[in-house]
Amino acid sequence: MTNERRRVAITGVGMVTPVGNDVATTWESLLAGRSGGGPITLFDASGFSTRIAAEVKGFRPILFDDRKLLKFTNRSHRFALEAAEQALRDAGIRPTAADATRWGCAVGAGMMTADFDDLALTHAHGAAGGEIDTDALLTDGPANDPLVFCRGQAAEGLALLTRRFGIHGYGTSVHTACASGGQALGTAMKLIRRGRVDRVLAGGFDSMISPIGIGGFCLLSAVSADNETPQRASRPFDATRNGFLLGEGAGFLVLEAWDMARARGARIYAELAGDGNSLSSYRITDSPPNGDGPIQSMRQALADAGAIPAQVDYINAHGTSTGMNDRSESAAIRAVFGDDADRVSVSSTKSTMGHLIAAAGAVEGVVCALTIARGEMPINANYRERDPDCDLNLVVDEPRRQKVRMAMSNSFGFGGSNSCIVMRHPDDVDGLGAGGTPS
Amino acid sequence: MTRQKVVITGTGAVCAAGMHPQDILGVILAGSTAIAPIRQWDTAAWPTHLAGEIPDLNPRALVADRKLHKLIRRTDLVGLYAASQAIDHSGFTAWRDALAPEEVAPCNDRTGAIVGSGAGNFQNQYDFFPLMTAAHGDLHAFGRDLSDNVNPMWLLRTLPNNVLGHIGIQYNLKGTNACITNHSVGGTLAVIEAMEALRAGEADRIVAVGHETPIEPQMVLYYHRVGLIASEALRPFDAAHDGSLFGEGAGALMLETAASAAQRGAPVIGEVLGGGSVSEGLGLLAIREDGDGLARAILMALDDAGLHPADVGMIVAHGNGTRQSDVSEAAALRTVFGDAMPPVTGFKWAFGHLIAAAGILDTVLALEALKADVVPGIATLRTLDDACAGLQVSAQPRAPRSKLALILCRGFAGTNAALLVRAA
């Protein structure tokens, strides 16, 4: 192991989102602010207080075609396998028998266990009176079906990905609610820095658009109930915001040791340059209004990247469109960036694709990589009414086109975990020392 | 970049065999097992009856704050209990209380938590059954009557990262953090990730926790159906081994940079020397017969620590009692240690398999055993399985070769992890 810290390159990206089942389609939608919100079609949601969500539409695993493996997947796993396949194809490299142990896999996985349909069968068979009859489980279909068991395991996504793509190095599955995806990318970056692996397939996947998932959020009054205007329901930082729009999907990236990516002539979207993690330790569902918690994660990520706020041109905000998150995040951006907060462009792409929960940080990591690679910043859709507590330089109406030197992605989760990752333009990496400071 | 030395200043543990590390080691050394008939539900008609349940689990004895009980699950109770034990054992809070006021916030920002948690359970979803009964299969009614039938905090109770969030709030920890939901290796990976974060200077101290309470009907049934549950006892490496048995509980370690421990004059229990983790990539349940993944994880841990196989004084095997895992584990140990193998033991036979908490509880107990200068025997071992030949296991206690223990941990998704610690 060398003493010099290895740099990490992003060389492949993949996305399955409510606004596109691939990267190109999703990107066009994000630039145009074309919302993925609509009435829930996956089940009869007519009785719920919130009857809208941002569903992935018309999805058939196109690139991913292993029928045998598909039997072991739930909806979110299928998104993951597809987005991961996209990312590997995009990177033009995949694990081989010779280098399988030098590949890692780090994923943010969702929190759901059994699918609702299986739970309904178990209810009908063994809990018709409302209480479970444990002896009835012995003859229950889903409770004796190994496939239901596998699909419900938290490590199943990791198992499917490492098997499908032949990854034999460090594998990990993390969950810090809405910060999961960001935390997975940070973990992946550090695996390469430590020299444990040379390449990592990293990402997140989730789908909670089910009677229990949406039900859980309805009970907490966390989701917008603007059932008549689903495409306007997610309006981060707007004074009239009233909850998030639940999305689903997956985002994956191929990360590589910088020198190896350069050596093979790979196209590098961006350097994954810094990672910061903090705990708010305030309330399980909120950050404090003054931004304490997110402030530390953002500062740590910048320090880790050897960067200062003046170098950052774009922030992909966590921006859930809930009252407290957006206020707390705005305060944190102000605290970290000071006067630079007037300059740095901010948007929450949750305004367009909704909140992908455990996948959010990963998909938004892809968005930041594209922002740098294409010099385009997607809009914060649906912004109309200024909230004085959210005093940010938001990208509204039109995408902004300029060189993005550095981009930052925030992800804050229930439980108080705050994740921040920072990326750097590849042209700005040459001439920097290993630790991120000018050599 | 110089790598920080990582020391252990506090431990905590709870499982069926006791509420403290010393008590649990006492049960192991006495050769008695805390595995007993399941009491949480009637298993008279069930094909399997045994597990290591914490007897008479009293929520208030585990977590004093009663308001919290509505927001968390059984698994969170044991996790918070072990984490508190480790933090309190390290003397951290008393030291922080004596800091000048302006030093407290920076201290909190430099103190983190990393948790291995058993994400997902089935029982928690049964909370929707009364509503489903009332709705008669009509989803419209299900949605309409939701808030009349289900605890509004249901989703928060479901969070896999509750121990992380609540230990943070309880002790005002604001530093680096993670929650790893990676089946059995979660707790071990929490220690490895904490070690790496401390080495890299991301924090001054981190409490690492692993917790899980998997003994619920549907989970036990699944493990039985896929052939992982033992018929009458957990007998690692024995000719009659035929499966594992669940346990429940948690383990925790307070880890610090050596500089932080020295600065606050904390007593050092031991040191985390290195770790390794790899995947075999065969899917959720399959494992390689040749022990390839485990052997690679051990070699990676040794390399990470700059040590040789001969330096290892004792090995705490995963030893989960399933034939497939035991035999491949023996193969991995033969590959790495050959005929110069130190004494090998395992603890699961005494209190069951704690899944996400297994590896970190084993680590806590390894430190306790090294302190007592003993390698505990595997009391349920009668005749070594021929396929495990060469494995240096015994039913009797032996002396460790050095103060250095290798702890092994294996989980679903073909994940294998190895950790090296030294007792002070």
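Residues numbered from 1 in each chain as written. Chains lettered and ligands numbered in written order. Predicted model: local features only at pLDDT ≥ 70, side-chain atom pairs only at ≥ 80, totals over all residues.

Draft legend 1. Quick look at the overall build of chain B. Counting its secondary structure elements, chain B contains 17 helices and 12 strands. What you see for chain B is a C-alpha radius of gyration of 21 Å, in line with the 22 Å of a compact globule of 424 residues. Over its C-alpha atoms, taken along the principal directions, chain B stretches across nearly 65 × 60 × 40 Å. Sorting the 424 residues of chain B into buried and exposed places 64% on the buried side. (Helix = DSSP H or I, 4+ residues; strand = E, 2+ residues; numbered from the N terminus. Rg over C-alpha atoms; globule rule 2.2 N^0.38 Å. Buried ≥ 20, exposed ≤ 12 C-beta atoms within 10 Å, placed from the backbone.)

Draft legend 2. Structural view of helix α10 (residues 162-171) of chain B. Residue and element names in this part refer to chain B. Burial within α10 is extensive, with eight of its 10 residues counted as buried. Listed in full, the buried residues belonging to α10 are Asn-162, Val-163, Leu-164, Gly-165, His-166, Ile-167, Gly-168 and Tyr-171. One or two positions beyond α10, positive phi appears at Asn-172, with a value near 55°.

Draft legend 3. Structural context of the domain arrangement of chain A. All names here are of chain A. What the domain assignment reports for chain A is domain 1 (8-113 + 152-428) and domain 2 (116-149). Centre-to-centre, using C-alpha coordinates, domain 1 lies 35 Å away from domain 2. If you look at the interface, domain 1 gives seven residues, while domain 2 gives four residues. Within the side of domain 1 that touches domain 2, the residues separate by chemical class into three nonpolar, three polar and one charged. (Domains from an automatic or database assignment. Contact = placed C-beta atoms within 7 Å. Nonpolar A, V, L, I, M, F, W, Y, C, P; charged D, E, K, R; others polar.)

Draft legend 4. Layout of the pairing of strand β12 (residues 415-423) of chain B. Residue and element names in this part refer to chain B. Burial of β12 is extensive: nine of the nine residues sit out of reach of the surface. Of the two faces of β12, the one lined by Thr-415, Ala-417, Leu-419, Val-421 and Ala-423 and the one lined by Asn-416, Ala-418, Leu-420 and Arg-422 are each fully buried. With nine bridges connecting them, strand β8 (residues 270-279) and β12 associate as antiparallel partners. Bridge pairing in β12 places Gly-275 opposite Leu-419. Counted along the chain from strand β11 (residues 404-411) to the antiparallel partner β12, the turn is three residues long, and its residue Ala-413 has a positive phi close to 70°. (Pairing = 2+ DSSP bridges.)

Draft legend 5. Just the interface of chain A and chain B, in detail. If you look at the interface, chain A gives 76 residues, while chain B gives 75 residues. The element that contributes the greatest number of residues to the side of chain A that touches chain B is helix α9 (residues 211-219) of chain A, accounting for seven residues. Its residues assigned to classes, the side of chain A that touches chain B comprises 36 nonpolar, 32 polar and eight charged.

Draft legend 6. How the structure looks around the pairing of β8(B). Residues and elements named next belong to chain B. For β8, the buried fraction is high: 10 of the 10 residues fall into the buried class. As judged from the three bridges shared by strand β1 (residues 6-14) and β8, these two strands associate in the antiparallel manner. Within β8, the position partnered with Ile-8 by the bridge is Gly-270.

Draft legend 7. Structural context of the domain arrangement of chain B. Splitting chain B by domain gives domain 1 (6-120 + 160-423) and domain 2 (125-154). Its C-alpha centre places domain 1 of chain B at a distance of 37 Å from the equivalent point of domain 2 of chain B.

Draft legend 8. Main features of helix α17 (residues 358-371) of chain B. A rise of 1.5 Å per residue sets the reference length of α17(B), with its 14 residues, at 20 Å; its end C-alpha atoms lie 20 Å apart and thus fit the reference within 8%. Asp373(B) sits one or two residues past α17(B) and shows a positive phi near 55°. (Expected span 1.5 Å × (residues − 1).)

Draft legend 9. How the structure looks around the packing of helix α11 (residues 186-199) of chain B against α17(B). All names here are of chain B. Contact pair α11 / α17: the axes reach a minimum separation of 5 Å and the direction vectors enclose 65°. In contact with Gly-187, Thr-188, Ala-190 and Val-191 of α11, α17 contributes Ala-358, Gly-359, Ile-360 and Thr-363. In the contact of α11 with α17, the residues fall into four nonpolar, four polar and no charged. (Axes fitted to C-alpha atoms, helices over the stretch in contact; angles between N-to-C directions.)

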